[in-house]
Amino acid sequence: MTEKLSVQEIILRLQQYWAAQGCMLMQAYDTEKGAGTMSPYTFLRSIGPEPWNAAYVEPSRRPADGRYGENPNRLYQHHQFQVIMKPSPENIQELYLNSLKELGINPLEHDIRFVEDNWENPSMGCAGVGWEVWLDGMEITQFTYFQIVGGLEMDPVASEITYGLERLSSYIQNVNSVFDLEWGDGVLYGDIFKEPEYEHSKYSFEVSDQEMLFNFFNDYEREAKRLLKQRLVHPAYDYILKCSHTFNLLDARGAVSVTERAGYLSRIRYLARWVAKEFVAARKRRGFPLIKDEKKRQELLKDDKEEK
Amino acid sequence: MANNFLLEIGLEEIPAHVVTPSINQFKKRASDFLKKQRISFKAIKTFSTPRRLTLYITGLADKQPDIDQSVKGPAKKIAQDADGNWTKAAIGFSRGQGATPDDITFKDVKGTQYVFVEKHIAGKPVEEILPGMKKVITAMTFPTMMKWGSYSFEYVRPIKWLVALLNDTVIPFSILDVTTDRVTSGHRFLGKDVSLANADEYEEKLTEQFVIADAAKRKEIITKQINKIAADHNWKINLDPDLLEEVNNLVEWPTAFEGNFDDKYLTIPDEVLITSMKDHQRFFYVTDQEGSLLPNFVSVRNGNDYDIQNVVAGNEKVLTARLEDAMFFYQEDQKKTIADYVERLKKVSFHDKISTMYEKMQRVQVISGYLGKLIGLSDNELKDLKRAAQIYKFDLVTGMVGEFAELQGIMGEKYALLNHESPVVAKAIAEHYMPISANGDLPQSAVGAVLAIADKLDSILTFFAAGMVPSGSNDPYALRRQATGIVRIVAEKNWNFDLGSTLDQIIQLQNQENVAPKLDQAAQIDAVSNFVKDRIKQYLDDLGIRYDISDAVTTGSHTNILFNIASGKMLQSHKDDDNFKAIIESLTRVLRISQKGSFKDDDLTVDPSLFENDSEKALNKVVSTAANDYDSLNAEQDFDRLASLENPINDYFDATMIMAKDDALKNNRLRQLTIISKMILLIGDLDKLVVKG
């Protein structure tokens, strides 16, 4: 069986491995979000013609999935290890499978399958094609070729690999509850996260101030729009993330009726599409500096001038 | 010499459900291509796995057949001037054919001499034709297409390698940056790349690399392995063909294995256990010989049996976590009452533009109550129907259906029984979704069938009223399937009612009871009737009723599903009768001429004092006899009545000038014909029938 790596050892090995593949190691982004995809290091950076390779751990908050720390597999906040590579490398599947070997998972000793799973996040105007990766029947990774982000078609296409760290670690450490995982140095996941799980669940389901959250949503939305008009892309994006998280809190509280729900989601989508366009425009103005091939860079900038 | 050609597209894992349709498409496109290129071949064998689509084409001709062709040019008098010199026209023509004027001959065409060039086109060798397979590959279409890398090309998944071998020679072409070669890829983990000496050793070489490329063979292996496990344990395993097909297309080297779960989970309803195993994990469930579920499962690994205990343990762990969740929901759900759930439906939307689920149930109570009485349900059935309609969507807000959406209705039945609802009510809740697919099972109980019709009728009517009408292939709410469901249920249950007047009644009743949606449903009665009639036509077409007959009976004056269907069957049975043509011709004559008049229903009295000849009198007499109780007879009897009018109608037309100058005479005659045409239109617009002489 596999060597029992601690959660932090798993993170370290993944970081080591992906850094060696040319990914920049970014840090978790400091605004609440539901998934690693929503970090600006993925959402914004996957848009536009510039290459981008990054890897990072992203704590992801999903208020409705909170279970007061009582369910062994469901969490208010879980951790994703996110790898984003644009353009998608030709051997991305092999790179991924080799990363599992780094964690001591020898494919010959297991059953690893790529099972179709096309990903969609309508509220962020995103869609992609790919798989869930199954390790002996357990979904451990979401593997996606982005096709549309923020309503914009990908060119080039970014590949996203999202490891569910808790699930992967549960498998590697062979525990039935995430709270029994060893994070590092003998300290258990439950020692760190049990109370926050309980408190955040209590807050999300019972205690949150709906009135305040409704107001927050409206304020954040207004602020995002105001900033977008001034082309302050990154601050605007922070407020869009805040809108999204505030909505998730309201949703968990059962404060949003089904009819209203669609309305909120479309308000967030509107902002996501807007910021996506502003981001590319801003990079264009900067001259797409991450494109190292000068001829190609000039061509892209020239095309843009002709379009206008 | 006969040639064999191997063409393999290597891909990143294709969705399992796409593999078989894609290989069939590939084969068809390649076969069409070769036919168009005039390259004969003996057979195309296919291979397919999640990572490859392969054609093995045997007995290919060496080359296209040569073509000898006489190409006609201008007339001789244009081709040569008076002195017999070649004109520009002749020179141009011969050059265009790759020849010179020396090659020109003259031939007589209908008395005029024309210029001809005899052309011999040598057939191209097969190796020059086969690079055209590139287009065969790139023209393939798939349900979901994707881009990758920096390419704008779209395909089902990224193309990783291409093998194109004519006997032992590579046929060169490239797609994006992948160039054809003789190297194929073995099993992702167990095998390695292997170079093929020729096209014929493909299957054998891949087997050495742990790939069973022949999908049928792979399926046979899986079936044998599973049957052996079943026999070893004295189990029964239902080899669901859809699941087997999917599993077969998830593996290249199958090894079936068994696993277990704690039997405490057997207290969860079977449907939940089966869904967890089959739909979520792609496991085959296991029963004893009597069909009772056992705490075991069978799955198939993509690999051999090395360290298979890891695979078994992992799969057991995943299933246990799922069942633990299911058990939790099953217990939690039972802590609330049906009334609690129904209350929550007030917050669940049926559709943003229509209403909540709760309001939908209120409307369906009215519809089902009216329909139930109309078709003569017993008092007890009506009581159960009323109760079922009050609660039938409650399971949508249970935890279990939230987690296992496919169990809607099924959990409703279970929970209804646990809450001491009558078995008839519980059954109706499960059955109201039926039929789930175009040819799916129909509700068996009368109460379930009425609820199913009422639920579907409400969906169609409200979606139409909200402006969401299916068009072309765009039918996101599957309203066509629901209408087909109504037609099938009514046909099977033999329920006789007029749809138009029923819709009219239920809309009025909904208004009276204050449960109507804030939409103009009444304006949609005709549109909904016609929508249902389209499905009746489809239903008749599927029964093999001739297209003009199904068309005629679904374009008549009213919508009574049962009567429309009976009319179609009736006309089909008479279409070859000796006198059928004569009857239809006299009736359609009436239909056509009667259109020249337009009268209200209460203005259709024929005045005998205006008759001018005996044929008018005679026709008037037989029509009044035929019209007696006409509306309440069956299709066969109605048609008999119409047939009896044939001779009187013909005599009438022979002796009577319909469009008389005198308006009173004319209108009196048109009234007579309108009465008959109304009777005809009850059966259908018989003018649409094609009667051959």
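Residues numbered from 1 in each chain as written. Chains lettered and ligands numbered in written order. Predicted model: local features only at pLDDT ≥ 70, side-chain atom pairs only at ≥ 80, totals over all residues.

**Remarks on the sheet that holds strand 13 (residues 236-237) of chain B**
By definition, the strands of a sheet pair up through backbone hydrogen bonds, in either a parallel or an antiparallel sense. All names here are of chain B. The antiparallel open sheet is built from four strands, whose spatial order is 13-15-16-14. What marks the edges here is a single partner per strand, and that holds for strand 13 and strand 14 (254-260). Two strands pair when backbone bridges link them, and strand 14 and strand 16 (residues 293-302) are joined in this way by seven bridges, in the antiparallel orientation. Bridging from a neighbouring strand, Ala256 pairs with Val300 of strand 16. On the sheet, helix 7 (residues 215-233) packs against strand 13, strand 14, strand 15 (284-287) and strand 16 and is oriented at approximately 30° with respect to strand 14. (Pairing = 2+ DSSP bridges. Helix = DSSP H or I, 4+ residues; strand = E, 2+ residues; numbered from the N terminus. Contact = placed C-beta atoms within 7 Å. Axes fitted to C-alpha atoms, helices over the stretch in contact; angles between N-to-C directions.)

**A few points about the sheet that holds strand 6 (residues 112-121) of chain B**
Residues and elements named next belong to chain B. Taking strand neighbours across the sheet as the criterion, the three strands line up as 4-6-5 in an open arrangement whose pairing is antiparallel. Two strands close off the open sheet at either side, each with one partner strand: strand 4 (67-75) and strand 5 (104-109). Neighbour-to-neighbour, the strand axes of the sheet open up by a mean angle of 40°, direction not taken into account. As defined by bridge partners, strand 4 adjoins strand 6 across seven bridges and the pair is classed as antiparallel. Within the sheet, the bridge partner assigned to Asp68 lies in strand 6 and is His120. Lying over the sheet, helix 3 (residues 88-96) contacts strand 4, strand 5 and strand 6, oriented at roughly 160° with respect to strand 4.

**Structural notes on the domain arrangement of chain A**
All names here are of chain A. Here chain A is described as being made up of domain 1 (7-204) and domain 2 (209-303). Taken over C-alpha atoms, the centre of domain 1 sits 22 Å from the centre of domain 2. On the side of domain 2, 26 residues touch domain 1, which itself brings 26 residues to the contact. Looking at the side of domain 1 that touches domain 2 residue by residue, the classes come out as 13 nonpolar, eight polar and five charged. (Domains from an automatic or database assignment. Nonpolar A, V, L, I, M, F, W, Y, C, P; charged D, E, K, R; others polar.)

**Comments concerning the packing of helix 23 (residues 580-594) of chain B against helix 26 (residues 646-655) of chain B**
Residues and elements named next belong to chain B. Where helix 23 meets helix 26, the closest approach of the two axes is 9 Å, and the angle between their N-to-C directions is 50°. The angle between the axes of helix 23 and helix 26 places the two elements in the oblique class. The way helix 23 lies across helix 26 gives a crossing that is left-handed. On helix 26, the residues that touch Ala582, Ile583, Ser586, Arg589 and Val590 of helix 23 are Glu646, Ile649, Asn650 and Phe653. Among the residues making up the contact of helix 23 with helix 26, the classes are represented as five nonpolar, two polar and two charged. (Parallel < 35°, antiparallel > 145°, perpendicular 65-115°, else oblique. Left-handed = near helix turned anticlockwise from the far one by under 90°.)

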